[in-house]
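Commentary on secondary and tertiary structure
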Amino acid sequence: MKQKKKETDTIYWHPAFYAGIQMELQEDADNLDFESEHQLSTKPMQIDVLIIKKENDIPVKKNIGRIFRKRNIIEYKRPDDSLSIDDFYKVYGYTCFYKTDVRYTDSIPLEELTITFVSEGYPRKLIRHLKEVRNYTVIKAESGIYSVKGDIIPIQIIVTGRLPREENLWLRSLTNKLNKPENAQKLIENYIVQKGNNLASSIMETIMRANQKVFQEVNGMSDIFMEIVQEKFDRKLEEKLQEKLEEKLQEKLEEKLQEKLEEKLQEKLEEKLQEKLQEREEALKKKVKEEMKKEAEAERITLIWKKCAKNKSLSVIADELETEPEELRSVYNLIIEHPGKNVDEICELVMG
């Protein structure tokens, strides 16, 4: 038991949650500023996440952010921790302090604030306390999201263990109880789509470390893990290189040393430039090939659709297109099964 707790302590849940909530709200990211561990005054008080809407009139589309106003305070409890009654009063107090910690009176109106508590488990004692002692009403707004009514500040409790996986994949998966290999497989598939996204790498690494056993049952897991580790290493290396470069540039070096440094930097820049140009050229070629392939497929589907519209059979269409019926069967069946759909909709079904 002690060994399990020691392993959990090495997992950095809060940075992963900070990445996860940004992943969940990425559709609204242009209108939101995210701030991790917002410091309150000069004393050691901080709120886990502060999210500020840039345009207050634009509503947040994502289910977990629909209550958001201008300034939104988030308290996150890691999977092996529970959301307690004292946590509620601590965060409520932090919220009030955040409102008053300003230069001018009422610079942050109370109407701009919301509070969100995030916990993997359902906090029964806290919710009973809110109902019986605070006389609040707690209602289930939707799966995993509970709205607390009765306070001037909008409050919600998000239970990540009850969030719909299809809508909140990252926060739902931020746990050490992933259990099913198919859930791990779904995460890997989503991560591959998000490849190159530092937020996805950060949260994926945490989830994989916390659920090593279930990920070991998924084919290709080790490759994905090594890829994430490599991305993290490259990112850290790049940060360190940048820091060193800035330090070198700030130092007063002798003229000869400075000239050599500039020459080396120029060489590296030229190498990097050539690499980037080559990468972009290859990416462009690949994209062009993919687009041409899609266009050709769309043309083929259009031909089949038009012939189906004339009530031609599969064998007749195959003869006219000089191919085998099996080559056309999947597209032909989709068109027959969806008689009301136009050719663009059929193309969407076939090619996703």
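What this report covers is the structure whose coordinates are included nearby. Nothing here was measured: the structure is a model prediction, and the numbers come from that model.

1. Looking at a nonpolar patch on the surface
On the surface, a cluster of nonpolar side chains totalling about 300 Å² of accessible area is made up of L284, V288 and M292. Here M292 falls in the exposed class, since its relative accessible area comes to 53%.

2. Let's talk about the nonpolar core
Of all hydrophobic cores here, the largest spans 40 residues; its most connected members are F17, L25, I51, W170 and F215. Contributions of two or more residues to this core are made by α2 (13-24), β1 (32-40), β2 (45-53), β3 (71-76), α5 (169-173), α6 (181-193), α7 (198-210) and α8 (212-215). For this core, the leading source of residues is α2, giving seven residues. Beyond its immediate sequence surroundings of up to four residues, L25 is in contact with L32, F34, I51, V60, K62, I64, G65 and F68. In terms of nonpolar packing, the next biggest core, distinct from the first, is built from 25 residues, V91, I115, I127 and L130 among them.

3. Examining the side chain of K307
Within the secondary structure layout, K307 lies in helix α10 (residues 255-309). Every residue in contact with K307, bar those within four places of it in the chain, is listed here: K312, I317, E320 and L321.

4. A look at the environment of D101
Examined against the element boundaries, D101 turns out to sit in the loop between α3 (85-100) and β4 (113-119). Taking the relative accessible area as the measure of exposure, D101 reaches 39% and is therefore partly exposed. Distance from D101 to L40, taken between C-alpha atoms, is 7.6 Å for residues 61 residues apart in sequence.

5. Side note on helix α12 (residues 325-337)
The periodicity of an α-helix, 3.6 residues per turn, causes residues three or four positions apart to be oriented the same way. Its 13 residues give α12 an end-to-end C-alpha distance of 17 Å, which sits within 8% of 18 Å, the value for a rise of 1.5 Å per residue. Maximal helix bending in α12 amounts to about 35°, located at V331. Along α12, the positions that sit buried rather than exposed are L328, V331, Y332 and I335. In this fold, the buried residues of α12 make contact with α10, α11 (314-320) and α13 (343-351).

Here is what the cut-offs are and how they apply
- All residue numbers refer to positions counted from 1 along the written sequence of the respective chain.
- It should be noted that, the model being predicted, local features are given only for residues of pLDDT at least 70 and side-chain atom pairs only at 80 or more, the latter also being counted only at that level, while totals for whole chains, interfaces and linings use all residues.
- Heavy atoms throughout the structure, all of them, feed into the side-chain values; hydrogens and water do not.
- Exposure above 30% relative accessible area and no salt bridge define the residues that can form patches, which grow by joining like charges within 9 Å and nonpolar side chains of Val, Leu, Ile, Met, Phe, Trp and Tyr within 5 Å.
- Note on areas: Shrake-Rupley with a 1.4 Å probe; residue coverage comes only from the protein chains shown.
- Salt bridges, as used here, are contacts in which a Lys or Arg side-chain nitrogen is within 4 Å of a carboxyl oxygen on Asp or Glu.
- When a residue's accessible area, from a 1.4 Å probe over protein chains only, is under 20% of the maximum for its type it is buried; when over 50% it is exposed; and in between it is partly exposed.
- For this analysis, a nonpolar core means a set of buried residues of the types Ala, Val, Leu, Ile, Met, Phe, Trp, Tyr and Cys, connected via side-chain atoms within 4.5 Å.
- Every helix listed is a DSSP run of H or I at least four residues long, and every strand listed is a run of E at least two residues long, numbered separately from the N terminus.
- A contact between two residues is defined here by any heavy atoms of the two lying within 4.5 Å.
- Expected helix span is computed as 1.5 Å times (number of residues minus one).
- The reported bend at a residue is simply the angle between two axes, fitted to the 7 residues ending at it and to the 7 residues beginning with it.

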